[in-house]
Amino acid sequence: MNKSIFQKKYSLNLIFGLIDFSLAAFIVFFPVRTIISDTEALSSLKKEFFLIEKQEESFKSLDRDYRIYLQKIERIDAVFVDAKVPIAFLDVLEKASREAGFGIKISPSASSRSDKSSWPSIAFRVSGRGKPENFLKFLDKMENSQYLMQVLELNLSREKLLDEKNELPPEVEASFLIKVFTEQ
């Protein structure tokens, strides 16, 4: 009998030990699994948070750079003449003429896109008369204007006019073709 009591006692201890071990494993395993999954979720949320912060910095940088580049683009855009209404460019020509004291006449030519240039442009025939120094002032003002242009043909001739003292003040008569690049 001792043997059967001994077996029963150890069997019960073994069964209770297995139950205790199962309960301990159940109590430890599921919370640890939950903790691990929560930790992984927290880690992915942190990564996403840092990614969003990085994107926010990138957007702020893009917005700042956009404003800077927009100003530069507007300045570059101001270099080109409006092909449909080139009034602003003609005003610049007339203003430069008045400031330099060199009288000019402007005649438009047809808009063209030549084989040599891939940019659209408008050509103007400009003719004028005045003192040589005034002509140079006019050319200087044109060269320093905001518009992108090219002088294609330039014809200069010296004119002699008699004044009251029969002296011949030198004057030049100029005729040139200006090619002004336009917006596309």
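Residues numbered from 1 in each chain as written. Predicted model: local features only at pLDDT ≥ 70, side-chain atom pairs only at ≥ 80, totals over all residues. Heavy atoms only, no water.

**Digging into the overall build of the protein chain**
Put simply, the rule is: Secondary structure follows DSSP: runs of H or I at least 4 residues long count as helices, runs of E at least 2 residues long count as strands, and numbering of each begins at the N terminus. The rule is simple: take the accessible area with a 1.4 Å probe, protein chains only, and divide by the maximum for that residue type; under 20% is buried, over 50% is exposed, in between is partly exposed. What sets the accessible areas is the Shrake-Rupley method with a 1.4 Å probe; for residues, cover comes only from the shown protein chains.
Helix and strand counts for the protein chain stand at three helices and four strands. When the helices and strands of the protein chain are placed in sequence order, the string is α-α-β-β-α-β-β. By the burial criterion, 19% of the 184 residues in the protein chain qualify as buried. Counting every atom, the protein chain has about 14400 Å² of accessible surface; 59% of that belongs to carbon and sulfur.

**Focus: a negative patch on the surface**
Put simply, the test is: A residue counts toward a patch only above 30% relative accessible area and without a salt bridge, and it is joined to like-charged neighbours within 9 Å or, for Val, Leu, Ile, Met, Phe, Trp and Tyr, to nonpolar neighbours within 5 Å. Salt bridges are identified by distance alone: a Lys or Arg side-chain nitrogen within 4 Å of an Asp or Glu carboxyl oxygen. Charge assignment in this entry is limited to Lys and Arg as positive and Asp and Glu as negative, and neither His nor the chain termini are counted. Note on charges: their place is set at NZ of Lys, CZ of Arg, CG of Asp or CD of Glu.
Taken together, Glu-74, Asp-77, Asp-82 and Glu-183 make up a surface patch of like negative charges. Among the secondary structure elements, Glu-74 is positioned in helix α1 (residues 2-77).

**Section: helix α2 (residues 87-100)**
Stated precisely, the cut-off is as follows: Helix span is expected to be 1.5 Å times the residue number reduced by one. Starting at the helix axis, one direction is taken to each C-beta atom, and the arc is that of these directions.
The end-to-end C-alpha distance of α2 is 20 Å, a good match for the 20 Å that 14 residues give at a rise of 1.5 Å each. Here α2 has its buried residues at Phe-89, Leu-93, Ala-96, Ser-97 and Ala-100. Each buried residue of α2 lies within a common arc of 100° when the element is viewed along its axis, so the set occupies one face. Two residues or fewer after α2 comes Gly-101, characterised by a positive phi angle close to 75°.

**Considerations on the pairing of strand β4 (residues 170-181)**
In plain terms, the rule: Two strands pair if DSSP finds at least two bridges between them.
Most of β4 sits inside the fold, with nine of its 12 residues counted as buried. Sheet analysis places strand β2 (residues 121-130) next to β4, joined by 10 bridges and oriented antiparallel. Bridged to Ser-127 within β4 is Ser-175.

**A look at a nonpolar patch on the surface**
On the surface, Leu-12, Ile-15, Phe-16, Ile-19, Leu-23, Phe-26, Ile-27, Val-28, Phe-29, Phe-30, Val-32 and Ile-36 cluster together to form a nonpolar patch covering roughly 1100 Å² of accessible area. In this fold, Phe-16 is placed in helix α1.

**Points about the packing of aromatic side chains**
Inclusion rule: Think of it this way: a Phe, Tyr or Trp ring, Trp meaning its six-membered ring, pairs with another when their centres are within 6.5 Å, and the plane angle makes it stacked under 30 degrees, edge-to-face over 60, tilted otherwise.
Tallying each qualifying case throughout the model produces 11 aromatic pairs. Here Trp-119 and Phe-181 contribute two aromatic rings whose centre-to-centre distance is 5.5 Å and whose plane-to-plane angle is 90°, an arrangement assigned as edge-to-face. Here the residue Trp-119 occupies a position in the loop between β1 (103-108) and β2, and Phe-181 occupies one in strand β4, the gap between them amounting to 62 residues. The buried category is assigned to Phe-181, whose relative accessible area is 9%. Within the aromatic cluster, the residues linked to one another by ring pairs are Phe-102, Phe-135, Phe-138 and Phe-176.

**With respect to the packing of α2 against helix α3 (residues 132-143)**
What counts is decided by this rule: The axes used here are C-alpha line fits, helices contributing only the stretch in contact, and every angle between their N-to-C directions lies in the interval 0 to 180 degrees. Left-handed is the label given to a crossing in which the near helix is rotated counterclockwise from the far helix by less than a right angle, and right-handed is the label when the rotation is clockwise. Contact definition: two residues touch when any of their heavy atoms are within 4.5 Å. Gly falls in the polar group here, along with every residue not listed as nonpolar (Ala, Val, Leu, Ile, Met, Phe, Trp, Tyr, Cys, Pro) or charged (Asp, Glu, Lys, Arg).
It is the contact of α2 with α3, at a shortest axis distance of 8 Å, that shows an interaxial angle of 145°. For the crossing formed where α2 meets α3, the hand is right-handed. Contact residues: α2 offers Phe-89, Leu-93, Ala-96, Ser-97, Glu-99 and Ala-100, while α3 offers Asn-134, Lys-137, Phe-138, Lys-141 and Met-142. A class-by-class count of the residues in the contact of α2 with α3 yields six nonpolar, two polar and three charged.

What is shown is where atoms sit, not what they do.
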